[in-house]
Amino acid sequence: MQEDFSVRDNKREKVVLLVLGTLIALGPFSIDMYLPSFESIAIEFVISKKEVGLSLTSYFIGIALGQLIYGPIMDKYGRKIPLLIGLVIYFLAALSCAYSPSLTWLVASRFFLALGASGGMVAAKAVVRDIFPPEEVARAISFLMLIMGGAPIIAPTVGGIVITYFSWHAIFIILSVLSFLMFLSVFRFLPESIDPDASVELKLGKVLKKYYGILTDKVFLSFSMAGSFTIGALFAYISNAPILFMDNFNLSETEFGWLFGLNAGGLIVGSQLNRVVLKKNSTFKVSKIISILLVILSVFLIGNSLWYSNFYLTITNLFLILFLLGFQNPNTTALSLYPFTKKAGRASALIGSLKMGMGAIASFIISSFDTSSMLPMAVVIFVCLLSSCFFIFRFQIKEKEMLLKIQ
């Protein structure tokens, strides 16, 4: 039964946001924690680190597909029960990853791990849209980013420590324990935010038709694509980071963990400054300015990779890009969800699927290049950020009347 959120309760909302934040962090934690183990996995299975990257690509595919599955299910049956089922799937898949006898097994297990994690990613955004008024959604998502942003800082550092004293298998044992604790917190503290809707169709044809209807919404199309391309840029960096820093700049697994976490700190700082900036500026205005700055920074990154791959210039440039992505991700998500209320679950799922789909494409492109050079990464980041900027300005030019409403 849906809990009544018509009367605002700050304490209750903070508890809900805390639970949602840990859920949405499970996805990136599942990515970042095992990045330092690429070399150990490659050695055990007698393969290259590029081949280990296939387990990252399969995860992105699973996240993209899983969110499309969870969207209509959560609109039909509510947010909580499907979410709990997803956490059970994650728990079992994490154990399967831990005891993988081959790369093929690991790649398949990572796919199912993503299917489990995608439930939390859909539920987090949908519940925020359920309980917060439209003008507060971006600030609420920025709060989630504070918790979510801690994952890229903590996870690779923890992963590096685990690799130093144990083995890569232990990383997935830890993830299984975390998912069990999240199951308990959801069961105990997360209320149901909508009533189940029996009218929601789960037949494939009907589901695809609904998704098509959402995708063709002018507001959704522009800002979901803008957000998806920024995530493509983010995962281009994530996919290339182990090779860039450990092969090109000769960092150890532990040093990589700390540096990766430092760069990811920019994402947190940006997301929290975004909450302050939004108090005096519209979400669209901030997104427009940030998109221009991101393109400029990506041009500098290409220049650095072409003429002089300086370590300090590289990490500074990447830090600034991640810092600005901390603004852009919650803002484009909030703008995408603006037209939806009852269909927030499906809209949230489609946003997440588009973003992770773009992440999978970017990851696959990066893994196709057998080089430690950062030029392929820089070019993919530039193309993604330029495309994101295009969709934002395209909306401003073509939809002037609609723009007045969402600002």
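Each residue is numbered by its place in its chain's sequence as written, counting from 1. Since the coordinates come from a predicted model, pLDDT governs what is reported: local features require at least 70, and pairs of side-chain atoms require 80 or more to be given and counted, while whole-chain, interface and lining totals use all residues. As a convention, hydrogens and water are excluded, and side-chain values are obtained from all of the structure's heavy atoms.

Student: Explain the side chain of Ser-298 to me, please; I cannot follow it from the model alone.
Tutor: Strands are runs of DSSP state E lasting at least two residues, helices are runs of H or I lasting at least four, and both sets are numbered from the N terminus onward. Locating Ser-298 in the fold gives a position in helix α12 (residues 283–307). At 2.7 Å, the side chain of Ser-298 forms a polar contact with the backbone oxygen of Val-295. Ignoring sequence-local partners within four residues, the contact set of Ser-298 consists of Ile-321, Ile-381, Phe-382 and Leu-385. Whenever a nitrogen or oxygen atom comes within 3.5 Å of another N or O atom, the pair is scored as a polar contact, on the condition that within protein one atom can donate a hydrogen and the other can accept it, and that pairs from neighbouring residues in sequence are kept only if both atoms are in side chains. The contact criterion used is simple: two residues touch if any of their non-hydrogen atoms lie within 4.5 Å.

Student: Where do I start with the nonpolar core in this structure?
Tutor: In globular proteins that are soluble, nonpolar side chains generally tend to be buried together. The biggest cluster of nonpolar side chains holds 123 residues, and the ones touching the most others in it are Leu-20, Phe-172, Tyr-237, Phe-245, Met-377 and Ile-381. Looking at which element gives the most residues to this core, the answer is helix α10 (residues 218–248), with 17 residues. Put simply, a nonpolar core is a bunch of buried Ala, Val, Leu, Ile, Met, Phe, Trp, Tyr and Cys residues held in one set by side-chain atoms that sit within 4.5 Å of each other. With a 1.4 Å probe rolled over the protein chains alone, any residue whose accessible area is under 20% of its type maximum counts as buried; one over 50% counts as exposed, and the rest are partly exposed.

Student: I'm lost on the confidence of the model for the protein in this one. Help?
Tutor: Residues of the protein with pLDDT of at least 70 account for 89%, and the chain-wide mean is 82. Across the protein, the secondary-structure element scoring lowest on mean pLDDT is helix α16 (residues 400–406), at 57, and the one scoring highest is helix α5 (residues 80–98), at 94. Per-residue confidence from the prediction method is given by pLDDT, with values spanning 0 to 100.

Student: Just checking my understanding: could you explain the pattern of salt bridges for this structure?
Tutor: Two side chains carrying opposite charge are able to pair once their charged atoms lie near each other. Salt bridge, as applied in this entry: a Lys or Arg side-chain nitrogen positioned within 4 Å of an Asp or Glu carboxyl oxygen. Using the criterion set out here, one finds one salt bridge in the structure. One salt bridge in this structure joins Asp-75 and Arg-79, with 2.8 Å as the shortest N-O distance. With respect to burial, Asp-75 and Arg-79 carry one shared label: buried.

Student: Would you mind showing me how to read the packing of helix α4 (residues 54–77) against α5 here?
Tutor: Relative placement of two packed helices is described by the angle separating their axes and the distance separating the axes. Interaxial angle, 0 to 180 degrees, is taken between N-to-C directions of lines fitted to C-alpha atoms, where a helix line uses only the stretch in contact. Axis separation between α4 and α5 bottoms out at 10 Å; the angle between their running directions is 140°. By the criterion of interaxial angle, the relationship of α4 to α5 is oblique. Of α5, the residues touching α4 (which contributes Tyr-70, Ile-73, Met-74 and Tyr-77) are Pro-82, Leu-83, Gly-86 and Ile-89. Ten residue types, Ala, Val, Leu, Ile, Met, Phe, Trp, Tyr, Cys and Pro, are classed as nonpolar, four, Asp, Glu, Lys and Arg, as charged, and the remainder, Gly among them, as polar. Along the lines of polarity and charge, the residues of the contact of α4 with α5 split into seven nonpolar, one polar and no charged. Put simply, angles under 35 degrees are roughly parallel, angles over 145 are roughly antiparallel, angles from 65 to 115 are roughly perpendicular, and the rest are oblique.

Student: I keep staring at empty space enclosed by the protein and nothing clicks. Help me out?
Tutor: Any space left empty among the atoms is revealed by the rolling of a water-sized probe across them. A 1.4 Å probe that fits but cannot get out identifies a cavity on a 1 Å grid over protein atoms alone, an open set with protein on both sides within 12 Å along at least five of seven lines counts as a pocket, and a residue lines either if it has an atom within 4 Å of a point. Grid points are joined across faces, edges and corners, and a volume is the space filled by probe spheres set on the points. Considering all chains together, one arrives at three cavities of 30 Å³ or more under this definition. In this structure, the second largest cavity occupies an estimated 90 Å³ of space. Forming the walls of the second largest cavity are Phe-38, Lys-49, Lys-50, Gly-53, Leu-56, Ser-239, Pro-242, Ile-243, Ser-363, Ile-366 and Ser-367. Taken together, the elements giving at least two residues each to the lining of the second largest cavity come down to α3 (49–52), α10 and α14 (344–367). Grouping the constituent residues of the lining of the second largest cavity by class yields five nonpolar, four polar and two charged.

Student: What is the right way to look at the packing of aromatic side chains in this model?
Tutor: Within a pair of aromatic rings, the relevant descriptors are the distance that separates the centres and the angle that separates the planes. Ring pairs are drawn from Phe, Tyr and Trp, using the six-membered ring of Trp, whenever the two centres fall within 6.5 Å, and their geometry is named by plane angle: stacked under 30 degrees, edge-to-face over 60, tilted for the rest. Taken as a whole and judged by the stated rule, the model has 13 aromatic pairs. Ring centres 4.5 Å apart and planes at 65° place the aromatic pair Phe-60 and Phe-235 in the edge-to-face group. Of the two residues, Phe-60 sits in helix α4 while Phe-235 sits in helix α10, which places them 175 residues apart along the sequence. A relative accessible area of 0% means that Phe-60 is categorised as buried. The exposure class of Phe-235 is buried, given its relative accessible area of 6%. An aromatic cluster is defined as three or more aromatic residues linked by ring pairs; in this entry it consists of Tyr-34, Phe-38, Phe-45, Trp-168 and Phe-172. For Lys-76, the ring lying beneath its charged end belongs to Tyr-77, and the centroid distance is 5.8 Å. Over a ring means this: the NZ of a Lys or the CZ of an Arg is within 6 Å of the ring centre and within 35 degrees of the ring normal. The ring of Tyr-34 carries Arg-110 above its face, with NZ or CZ at 3.9 Å from the centroid.

Student: Which parts of the structure should I look at to understand a nonpolar patch on the surface?
Tutor: Patch membership requires more than 30% relative accessible area and the absence of a salt bridge. Residues of like charge join within 9 Å; the nonpolar side chains Val, Leu, Ile, Met, Phe, Trp and Tyr join within 5 Å. The method behind every accessible area is Shrake-Rupley, applied with a 1.4 Å probe, and residues are considered shielded solely by the protein chains displayed. On the surface, Val-88, Phe-91, Leu-92, Val-177, Phe-180, Leu-181 and Leu-184 cluster together into a nonpolar patch covering about 610 Å² of accessible area. Among the elements of the structure, α5 and α8 (168–189) are those that each provide at least two residues to the nonpolar patch. Looking at the nonpolar patch element by element, the count peaks at four residues for α8. Here Val-177 is to be found in helix α8.

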